[in-house]
Structures are given as C-alpha cells and as structure tokens.
Amino acid sequence: MAGALAEDASVERGAALAAAARCGACHGSPDGTAWSGGYAIETRFGTFYGPNLTSDPKTGIGGWTAVDFATALRDGRDPAGRAYWPAFPYPSFTSLNDADVADLWAFFQTLSAVEREDTAHALRGLWGWRGWLGPWRAMNLDRTPSPSMDRGEYLGTAVLHCGECHTPRGPTGGLRHRRELGGNDDPPAPAPDLTALGWDLDDWASFLEDGLTPDDDLVGGEMRALIRQGTRTLSDADRRAIGAWVNGLPPVGRPPRK
Ligand code: HEC
Ligand code: HEC
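Residues numbered from 1 in each chain as written. Chains lettered and ligands numbered in written order. Predicted model: local features only at pLDDT ≥ 70, side-chain atom pairs only at ≥ 80, totals over all residues. Heavy atoms only, no water.

(A) A look at the packing of aromatic side chains. Tallying each qualifying case throughout the model produces 15 aromatic pairs. Look at Phe88 and Tyr90: their rings are 5.7 Å apart centre to centre, the planes differ by 70 degrees, and that puts the pair in the edge-to-face class. The class of Phe88 is partly exposed, set by a relative accessible area of 23%. Its relative accessible area of 0% is what places Tyr90 among the buried residues. An angle of 65 degrees between the planes, with centres 6.4 Å apart, marks the rings of Trp129 and Trp132 as edge-to-face. Residue Trp129 is classed as exposed on the basis of its relative accessible area, which comes to 55%. The exposure class assigned to Trp132 is partly exposed, which follows from its relative accessible area of 33%. Counting every residue linked through ring pairs, the aromatic cluster contains Trp35, Phe69, Trp105, Phe107 and Phe108. (Phe/Tyr/Trp six-rings, centres within 6.5 Å; stacked < 30°, edge-to-face > 60°. Buried < 20%, exposed > 50% of the residue type's maximum accessible area, 1.4 Å probe, protein only.)

(B) Seen up close, the pattern of salt bridges. This structure, assessed with the given rule, holds 13 salt bridges. Among the ionic pairs, Arg240 bridges to Asp202, the shortest N-O distance being 2.8 Å. Of this pair, Arg240 sits in helix H11 (residues 236-247) while Asp202 sits in helix H9 (residues 201-210); the two residues are 38 residues apart in sequence, bridging distant segments of the chain. On the basis of relative accessible area, Arg240 is assigned to the partly exposed category, the value being 28%. For Asp202, a relative accessible area of 47% gives the class partly exposed. Linking Glu209 and Arg239 is a salt bridge whose minimum nitrogen-to-oxygen distance equals 4.0 Å. Here the residue Glu209 occupies a position in helix H9, and Arg239 occupies one in helix H11, the gap between them amounting to 30 residues. We classify Glu209 as partly exposed; its relative accessible area is 37%. Within this structure, Asp75, Arg77 and Arg137 form a network of salt bridges that share partners. (Salt bridge = Lys/Arg side-chain N within 4 Å of Asp/Glu carboxyl O. Helix = DSSP H or I, 4+ residues; strand = E, 2+ residues; numbered from the N terminus.)

Take a look at the structure:
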C-alpha cells in the first residue's frame with residue numbers, strides 16, 4: 001500500500017516536472033495527440049521533429065530501462081550510445097538530479113502506447129551529418145554540475161531551461177554561457193535579454209504567475225505557454241527563487257550610451 005502511494009506521488013511529481021520543462025511542447029504530434037511525436041522544431045540548422053515518447057515498444061520508448069532514460073536526458077545519448085542533436089535540450093537537462101529524473105521516468109512509464117514512427121529530421125546540408133556531434137559535444141557540452149547551484153538556478157537551468165531560448169548561441173549553435181540570458185535573436189522566437197530588467201522579486205513572482213510585466217504588458221508566444229503550463233504551477237517561493245537567480249546574473253547588454 002505504502003509502496004503504491006509513494007509510486008503515485010512520484011508519477012504526480014514527474015507529471016508536474018514534465019509540464020514545467022515543457023517536454024510535451026516538442027514531443028506532441030501535429031494532429032494533437034500528446035507524446036507521440038512529429039512536432040516540427042524550426043531552427044537555423046533545419047527542422048527537427050520530436051520523437052515518440054509513449055510506451056510503444058517499437059516506435060516509442062516502451063522497451064527502455066530507467067538507465068536508458070537517464071542517459072538520454074543527462075548525457076544526450078540513445079541506448080546504442082549515439083549522440084542526440086542538441087535541439088533536444090539535454091545540455092540543460094544534464095543538471096537534473098537523480099530524484100527528478102526518477103520521477104520523470106515514473107511518469108513516462110504511465111503513458112499509453114501510441115504506435116507512430118518518428119519523422120526524420122530535415123537538416124540543411126552538412127548539418128545533417130551526425131558525425132558533427134562528437135566535436136560539437138567536446139566544444140559545447142559541459143556536464144560538470146555547478147557546485148553552488150541553488151534552487152532558483154536549478155529550476156531556471158536544469159528544469160525550465162530559460163537559457164535554451166534567452167542565451168545567445170555561437171556559430172555552431174552552442175549556448176554562450178558567458179552571456180547567460182543575454183538575449184537570442186534566432187528565429188522562430190527571438191527572446192529578449194533578461195539581465196538588465198531591474199525587476200524586484202514581487203515583479204518576478206507575479207510575471208511568472210500571470211505573464212504580466214510590471215508595465216502591464218501581457219507576454220506572448222512560447223513564453224506565455226511556458227507560464228501557463230510551467231511556472232504558474234510552481235510555488236511562490238520557487239518563482240521568487242528563479243527571479244533572484246536571473247537578477248544575480250551579470251548584465252550582458254551593451255551599456256547604454258550617455
Ligand atoms: C525544445 C524541444 C524539446 C524539449 C523541450 C524536449 N525535447 Fe526531448 N527531444 C527533442 C528532439 C528534437 C529529440 C530528438 C533528438 C535527436 O534525434 O537526436 C528529442 C529526444 C528525446 C528522447 C530520445 C527519444 C528516442 O526515441 O530516442 C527522450 C527520451 C526525450 N527527448 C525526452 C524528453 C523529456 C523527458 C523532456 C522534458 C524534460 C524533453 N525531451 C524535452 C526535443 C525536445
Ligand atoms: C521556449 C523558449 C523560451 C523559454 C524556455 C523561456 N522563454 Fe522567456 N521569452 C521567450 C520569448 C520568445 C519571449 C518574448 C515574448 C514576446 O514577444 O512577448 C520571452 C519573454 C520573456 C520575458 C519578458 C521580458 C520583457 O522585457 O518583457 C521574461 C521576463 C522572460 N521571458 C523570462 C523567462 C524566464 C525566467 C525563463 C525560464 C524560467 C524563460 N523566460 C524561458 C521565450 C522563452
């Protein structure tokens with residue numbers, strides 16, 4: 001009994017984490033079926049398609065073990081050891097802790113099987129060569145967890161991966177962490193610099209709950225969806241912790257001209 005209850009609680013926490021991390025945004029299907037894949041992710045390197053994450057053993061991840069799942073999320077490798085493209089934001093998920101990965105796995109195992117073959121990615125020219133990923137990972141993937149990471153940084157990096165949209169990318173698409181959250185012009189959703197907003201923690205807590213900026217503008221696009229499904233479900237303390245982390249980052253924008 002106690003075991004079953006503990007398991008239910010783990011599935012519930014995993015569902016909340018998956019919502020906050022927006023796993024479903026990239027792994028849905030074009031016809032709206034949750035988790036069965038085929039959703040198109042446009043990037044400057046071409047179009048990636050999120051794969052099927054349901055428990056179908058043939059086309060989904062039904063045949064996977066907990067270790068396969070953890071290796072995919074934190075090391076960006078499939079069960080055969082092949083590297084994934086970083087359109088799958090594992091360079092951020094690499095900092096997820098063991099308890100959260102276990103809860104996510106508990107949740108994903110509850111998804112009913114949908115048989116749907118993965119759609120092949122359509123990448124531009126040489127970018128389509130998976131051999132790139134060896135040197136790319138050597139240059140861009142830092143798997144050493146930050147020793148001083150607090151709750152706000154953990155949520156902002158490992159779970160909600162704010163930097164995947166708000167941090168500028170280098171020529172090969174790696175995140176430029178020295179300009180963390182310094183704004184990213186990449187289509188389809190250019191995301192603004194967050195390092196000089198000058199918001200206090202009340203501003204952050206309310207923005208991450210209802211999407212209204214201190215000037216009463218309602219934020220749009222991906223950000224609104226992230227708030228509705230992700231940060232709104234967090235506690236007020238967690239929203240403040242994220243704000244405190246962002247406020248603590250060095251401003252990266254050009255200094256205003258006098
Ligand atoms: C921004 C889009 C995006 C988000 C958000 C995202 N993924 Fe993915 N994911 C992808 C893409 C694209 C791939 C395929 C990568 C490849 O083919 O190399 C992938 C691959 C995977 C795989 C490997 C599947 C297989 O069949 O090999 C797993 C497991 C996975 N993602 C789980 C997750 C989980 C769990 C989350 C949330 C914590 C998540 N993803 C969030 C885009 C995303
Ligand atoms: C999937 C991409 C994506 C992710 C992940 C993301 N953002 Fe955003 N964010 C955007 C986009 C795009 C906009 C601009 C929206 C618009 O045009 O209204 C934005 C706007 C914002 C704004 C409004 C800034 C202003 O000046 O009005 C804030 C604040 C913000 N994001 C904070 C965050 C934080 C904190 C996180 C992580 C918890 C985060 N974002 C994660 C894409 C993203």
